[in-house]
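Commentary on secondary and tertiary structure
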Amino acid sequence: MKIFLLIFALLFNVFVYFISIESTYIEEIVFISIVVFSFFHFLHLIYRSKYILLKTLVFGSCFILSLNQIFGLGAFLVYDSQFTYGHALSVLNSNLKEIQSMMSTMTILLVLFVLLMFFYFYVVKFYPIQIKNRIANIGISLLWILVPICSVLFYHSKSAVERRFSLLLSNSPFYNIRTLTQAIDQYNELHKIKNHAVDYSNLIVGDNQVKTIVLVIGESARRCNMSLYGYNRHTTPFQDQERDNMKLYTEMVSPAAITLFSVPMLLSSVVPEKFQDSKGQFGDNILCMAHHLGYSTYWLSTQEQGSRYLSTVSNMAQLADSAIWCIGYDEVLIDKVREIQRRDLGKKMLVLHINGSHSNACDKYPADQSFFKGDNPVVDCYDNSIRYTDAILGQLFAMLRNENSALVYLSDHAEKLTENRFIHSDSKEGTAIPYYAWYSPLCPEEVKDIGVHNGLTSLIVNYYEVARLLGVTNIMFERSSEIKFLKSDLSVVDYDNLMP
């Protein structure tokens, strides 16, 4: 009977893991089974100790394990989804009364939590497997620690998107607790950014402000796949028509190859060398500057809210007067822009953060927008996503044409084409992005800087380009002969030293 209870406990943990993780593989299921089995073995050895404090530690461990299960089960039963960053942030941003109200509608989860806690304690107390070999006994009891540690050593050397402690939890019995710790990090970061005192009183503002500024942040767009930059496929017909109304940068490079690093830098004056300094420094950004200068600010996004890969981006988005996240293809943002244009007749800045051409590019546009159908489906999908973005930009040009407006389009980073697939890459190919400022016919002539801008330039320039559109005249971009790049492991290198 005891062995069956242990097997049930293991299978139940595997089930919750399966519904809690976005995509699971056989090897992950095997690993989590080994880790949970080792954890029960470890807790049983502690429980056999004569010390009361250690027995209390066992009960506390069962409490946390049960909490981890309830997070996963609750999200699955109530929202039919994984326990996401967004769910965790909602909990952290709720007050005690809201939490009590929410719990009153989920009594079954509270009951299940208590039952699980005592069930796991029973499994540990009457754990049926006894191993006489002392070394084997200790080895099995430590696997639940060793497996996560090994995963951290392996993965963290490749990328520093999340903290080591977070990665440690992701391969432990507390994988849903990991999501909560990430949300706590983001919550604390937001307060640092919001509380960062920025003095804009020294800004000198001229009479030639652009009334409506639209910043479109593309995703994973390669300029070499745009006919605007000479690509042999007609991927950007609307942008091609507007070339004579643009300040077009021909050699723009992103300061990082992942969204989490690149977007905060393009919105602020922070350079790669300073990225790891206090998060509060991101409080000096174009949204706050625009707000100080009397602009209404809007953030419209089709990118996922509440993702560890967008945490700082999401925090900066909340600095806008209005932040809206939409579900669907990028064109859903057009109606939002049209509504704002109709309602808000004053000075305004709109930031559109789109999905663009992020992998898998095939699902970033509607099926009826499949224009290219050649011999390579991977490239066809990518080019179709570029053309779909172009159609959206075409609608924005038409909407803004009859007012004092400007539109800046850029991509957070590019992608590298390797082995017939597009990947994020710390390489020159992975940083070669489009960038231009488009001016409407009614934009003040003094603001327009139409023409082709040659020469290698870092996307850090965006802060200064947008400040110029806001009418600021006394801050200038200082061009450097050495362009710095922030790699995914958080090391800073010269752009010239990147692989092709």
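Look above for the structure.
The shown structure was predicted, so the numbers you read here are calculated from the model rather than taken from an experiment.

**Remarks on the overall build of the protein chain**
The number of helices and strands found in the protein chain is 16 helices and 14 strands. Radius of gyration (C-alpha) of the protein chain: 26 Å, near the 23 Å computed for a compact globule of 500 residues. Along the longest, intermediate and shortest principal axes, the C-alpha atoms of the protein chain span 85 × 55 × 45 Å. Residues counted as buried form 53% of the 500 residues belonging to the protein chain. Taking the intrachain contacts of the protein chain between residues at least 6 apart in sequence as the baseline, contacts between residues at least 24 apart amount to 77%. Counting every atom, the protein chain has about 23000 Å² of accessible surface; 59% of that belongs to carbon and sulfur. Seen as two clouds, the 41 positive and the 46 negative side-chain charges of the protein chain have centres 10 Å apart.

**What to know about the pairing of strand E10 (residues 435-439)**
Counting buried positions along E10 yields 5 of 5 residues, so the element is predominantly enclosed. Here E10 shows a buried face lined by Tyr-435, Ala-437 and Tyr-439 and a second buried face lined by Tyr-436 and Trp-438. Examined bridge by bridge, strand E2 (residues 246-249) and E10 share 4 bridges and lie antiparallel to one another. Looking at the pairing, Met-246 lines up with Trp-438 of E10. Relative to E10, strand E7 (residues 405-411) runs antiparallel, the two sharing 5 bridges. Bridge pairing in E10 places Ala-406 opposite Tyr-439.

**Quick word on the pairing of strand E1 (residues 212-218)**
Taking burial as the measure, the 7 residues of E1 include 7 buried ones, the bulk of the element. In E1, alternate side chains face the same way, and those of Thr-212, Val-214, Val-216 and Gly-218 on one face and Ile-213, Leu-215 and Ile-217 on the other are all buried. Sheet topology places E1 next to strand E6 (residues 348-353); 6 bridges connect them, and they run parallel. Each bridged residue has a counterpart across the sheet, and for Val-216 the counterpart in E6 is Leu-352.

**Some points on the sheet that holds E7**
Taken in spatial order, the 8 strands of this open sheet run E5-E4-E6-E1-E7-E10-E2-E11, and their pairing is mixed. Lying at the two open borders of the sheet, with one neighbouring strand each, are strand E5 (322-325) and strand E11 (451-453). Looking at each pair of strands side by side, their axes are set apart by 15° on average, direction ignored. Those strands touched by helix H15 (residues 377-400) are E1, E2, E6, E7 and E10, and its axis lies near 165° from that of E7.

**Quick word on the side chain of Asp-412**
On the secondary structure map, Asp-412 appears in the loop between E7 and strand E8 (416-418). For Asp-412, which is buried and forms no salt bridge, the nearest opposite charge comes from Lys-364, at a distance of 12 Å. Side-chain polar atoms of Asp-412 contact the side chain of Thr-259, separated by 2.6 Å. Leaving out residues up to four positions away in the same chain, Asp-412 has contacts with Ile-217, Gly-218, Glu-219, Ser-220, Ser-254, Ala-256, Thr-259, Ser-262, Val-263, Leu-266 and Leu-459.

**Observations regarding the packing of aromatic side chains**
Going through the model one piece at a time under the given rule, you end up with 26 aromatic pairs. On the numbers, 4.8 Å between centres and 65° between planes, the contact of Phe-39 with Trp-144 is edge-to-face. A residue pair is termed long-range when its members are at least 10 positions apart, and Phe-39 in helix H2 (residues 26-47) and Trp-144 in helix H7 (residues 134-155) qualify at 105 residues. Assessed through its relative accessible area of 1%, Phe-39 is described here as buried. The class of Trp-144 is buried, set by a relative accessible area of 15%. Judged by centre distance (5.5 Å) and plane angle (70°), the ring pair of Phe-59 and Phe-121 falls under edge-to-face. On the criterion of sequence distance, the pair formed by Phe-59 in helix H3 (residues 52-79) and Phe-121 in helix H6 (residues 107-125) is long-range, its members being 62 residues apart. Each residue in the set Phe-8, Phe-12, Phe-40, Phe-119 and Tyr-120 is aromatic and connected to the rest through ring pairs, giving one cluster. Over the face of the ring belonging to Tyr-47 we find Lys-55, whose NZ or CZ atom lies 4.1 Å from the ring centre. The cationic tip of Arg-387 hangs over the ring face of Phe-371; the distance from NZ or CZ to the ring centre is 3.6 Å.

What counts as what
- Residues numbered from 1 in each chain as written.
- Predicted model: local features only at pLDDT ≥ 70, side-chain atom pairs only at ≥ 80, totals over all residues.
- Heavy atoms only, no water.
- Helix = DSSP H or I, 4+ residues; strand = E, 2+ residues; numbered from the N terminus.
- Rg over C-alpha atoms; globule rule 2.2 N^0.38 Å.
- Buried < 20%, exposed > 50% of the residue type's maximum accessible area, 1.4 Å probe, protein only.
- Contact = heavy atoms within 4.5 Å.
- Areas by Shrake-Rupley, 256 points an atom, 1.4 Å probe, with all protein chains shown as cover.
- Lys, Arg positive; Asp, Glu negative; His and termini not counted.
- Charge placed at Lys NZ, Arg CZ, Asp CG, Glu CD.
- Pairing = 2+ DSSP bridges.
- Axes fitted to C-alpha atoms, helices over the stretch in contact; angles between N-to-C directions.
- Salt bridge = Lys/Arg side-chain N within 4 Å of Asp/Glu carboxyl O.
- Polar contact = N/O pair within 3.5 Å; in protein donor to acceptor, adjacent residues only side chain to side chain.
- Phe/Tyr/Trp six-rings, centres within 6.5 Å; stacked < 30°, edge-to-face > 60°.
- Lys NZ or Arg CZ within 6 Å of the ring centre and 35° of its normal.

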